[in-house]
Every structure is written in structure tokens, then in C-alpha cells.
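Take a look at the letters that make up each chain.
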Amino acid sequence: LNVNQVFLDFGAPESDEFRKLLQYEISADSLVAELQRLDIELVLLVVVAGQDAFHSCMNFMQSLTELVEGKIAIKLLMNEGTFGGITQTMIGKQSLDALGYLNVYPFGNLGENQSGRDIINQMVATSITKPENMNLAMRLTLKKAMAQVEHLMTDLGV
């Protein structure tokens, strides 16, 4: 297998197990040293969700930041689609600014329109939705969201 990048998408329980690994088993120093020996650069992308998950996500981010002590790059991604609307998203951004997280990468904003809700409902119902099966408004909304993800990936250097 010859790849330049690998993404591991941990769910919340697995992410906490990774944090515990760094806390109790393997130091960030030793992990980085071993990965450098293998010519691997590790970057942690931490997603912050809104509403009830916000404080939990931020506690996780703070704990992980303390554990890696700047030895592993951490980038904070804000899933705007989980904040429950424009006002709550703005409050979330202000909270992150107040906490000192100025380089936050937003994604996931499908808007509060019917097309955004339709995309989510169709993806949940069918697991995979092809753009050609969507109506015009849904395709345009999805195209906007995908451009946002591509911009995010460029900003992250991936």
C-alpha cells in the first residue's frame, strides 16, 4: 500500500481511548519519535460539535492539547451543521474566540433551508446519495458544502 495520507476517523469513545493512551501508556514524545523514524507526520484533527456536545468537545480538546504539549499538531474543526442555526453557530464561534482558538476550520454548514434538510434526510435514508439523483436546489446546496470541504482541506494542507 503506497499512500501519502491516511485519515482515521475516531468516534467519541475511540478518541477518548487515544487520549488515555497518551495520558497513561505512551507519551507524545515517544509517539512522535517512533512516527518520525517511520517518516510519518501525525496531525490531529479535532471536531467540535455544537449544542450539548460543545463542552464535551472542548474539554477533550483542552485535555489533548495538554497531553501533546505542542509536539503533535492539533487543528480544530467546527462542524457548523451541529450548532442548531446561524445564531448558535455565531455564539459557538465567539466562545471559541474567547477560549483562544483563533484558527478554527469551519465545515458542515448546509444552511437552514429545505435543500439542506433534504440532503441530510436522503443521506440518512439511503446511506449514499448521488448528486444526479437530487433536485436542483439540493445539488447546488451540496456543491456549496463540498466546496467548503475542499477549501478546508486546502487550508489544512491536505
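Residues numbered from 1 in each chain as written. Predicted model: local features only at pLDDT ≥ 70, side-chain atom pairs only at ≥ 80, totals over all residues. Heavy atoms only, no water.

1. A word on the confidence of the model for the protein chain
Looking at the protein chain, pLDDT values average 81 and 83% of them are 70 or higher. Taking the mean pLDDT of every element in the protein chain, the minimum, 61, falls on helix H5 (residues 114-126) and the maximum, 92, on helix H2 (residues 28-37). (pLDDT = per-residue confidence, 0-100. Helix = DSSP H or I, 4+ residues; strand = E, 2+ residues; numbered from the N terminus.)

2. Considering the packing of aromatic side chains
Scanning the model with the defined rule gives one aromatic pair in all. Here the aromatic rings of phenylalanine 54 and phenylalanine 83 are separated by 6.0 Å at their centres, their planes lie at 70 degrees, and the arrangement is edge-to-face. With phenylalanine 54 in helix H3 (residues 54-68) and phenylalanine 83 in the loop between strand S2 (73-79) and helix H4 (86-98), this pair connects stretches of sequence that are 29 residues apart. Judged on exposure class, the residue phenylalanine 54 and its partner phenylalanine 83 are both buried. (Phe/Tyr/Trp six-rings, centres within 6.5 Å; stacked < 30°, edge-to-face > 60°. Buried < 20%, exposed > 50% of the residue type's maximum accessible area, 1.4 Å probe, protein only.)

3. Structural notes on the pairing of strand S3 (residues 104-107)
The side-chain alternation of S3 yields one buried face, formed by Tyr105 and Phe107, and one unburied face, formed by Val104 and Pro106. Here S2 pairs with S3 via four bridges, running parallel. Bridged to leucine 77 within S3 is tyrosine 105. (Pairing = 2+ DSSP bridges.)

4. As for the nonpolar core
Among the nonpolar cores identified, the biggest contains 23 residues, and Val48, Met58, Leu64, Ile72, Leu76 and Leu96 are the most heavily contacted of them. Broken down by secondary-structure element, the contributors of at least two residues to this core are helix H1 (12-25), H2, strand S1 (43-48), H3 and S2. In terms of residue count, the dominant contributor to this core is H3 (seven residues). The residues touching isoleucine 72, leaving out its near neighbours within four places in the chain, are Ala28, Leu31, Val32, Leu42 and Leu44. (Core = buried A, V, L, I, M, F, W, Y, C linked by side-chain atoms within 4.5 Å. Contact = heavy atoms within 4.5 Å.)

5. Brief notes about the pattern of salt bridges
Per the stated rule, a full pass over the model turns up seven salt bridges. For aspartate 16, the salt bridge goes to arginine 19, with nearest N and O atoms at 2.8 Å. One end of the pair is aspartate 16 and the other is arginine 19, both in helix H1 and three residues apart, which spans about a single turn. Given the relative accessible area of 14%, arginine 19 is considered buried. Notably, a salt bridge pairs lysine 20 with glutamate 17, separated by 3.8 Å at the nearest N-O pair. Of this pair, lysine 20 and glutamate 17 both sit in helix H1, three residues apart, which is roughly one turn of that helix. A residue is classified by how much of its surface remains accessible, and lysine 20, at 32% relative accessible area, is partly exposed. Exposure remark for glutamate 17: the relative accessible area of 48% places this residue in the partly exposed category. (Salt bridge = Lys/Arg side-chain N within 4 Å of Asp/Glu carboxyl O.)

6. Let's talk about H3
With 15 residues, H3 should cover 21 Å at 1.5 Å per step; its first-to-last C-alpha distance of 21 Å lies within 8% of that length. Taken residue by residue, H3 has Phe54, Cys57, Met58, Phe60, Met61, Leu64 and Val68 as its buried positions. Projected down its long axis, H3 shows its buried positions confined to an angular sector of 155 degrees, all on one face. Looking at H3, the residues exposed on the side facing more than 90 degrees away from the buried face are His55, Ser56, Asn59 and Glu66. (Expected span 1.5 Å × (residues − 1). Arc of directions from axis to C-beta.)

7. Considerations on the sheet that holds S1
Two pairing modes exist for strands in a sheet, parallel and antiparallel, and in both the strands are linked by backbone hydrogen bonds. Taken together, three strands build an open sheet; the order of strands is S1-S2-S3 and the sheet is parallel. Edge strands, defined here as strands with exactly one partner in the open sheet, are S1 and S3. Here the average twist between neighbouring strands, direction ignored, is 30 degrees. The sheet contacts of H3 involve S1 and S2, and relative to S1 the element is tilted by about 160 degrees. (Axes fitted to C-alpha atoms, helices over the stretch in contact; angles between N-to-C directions.)

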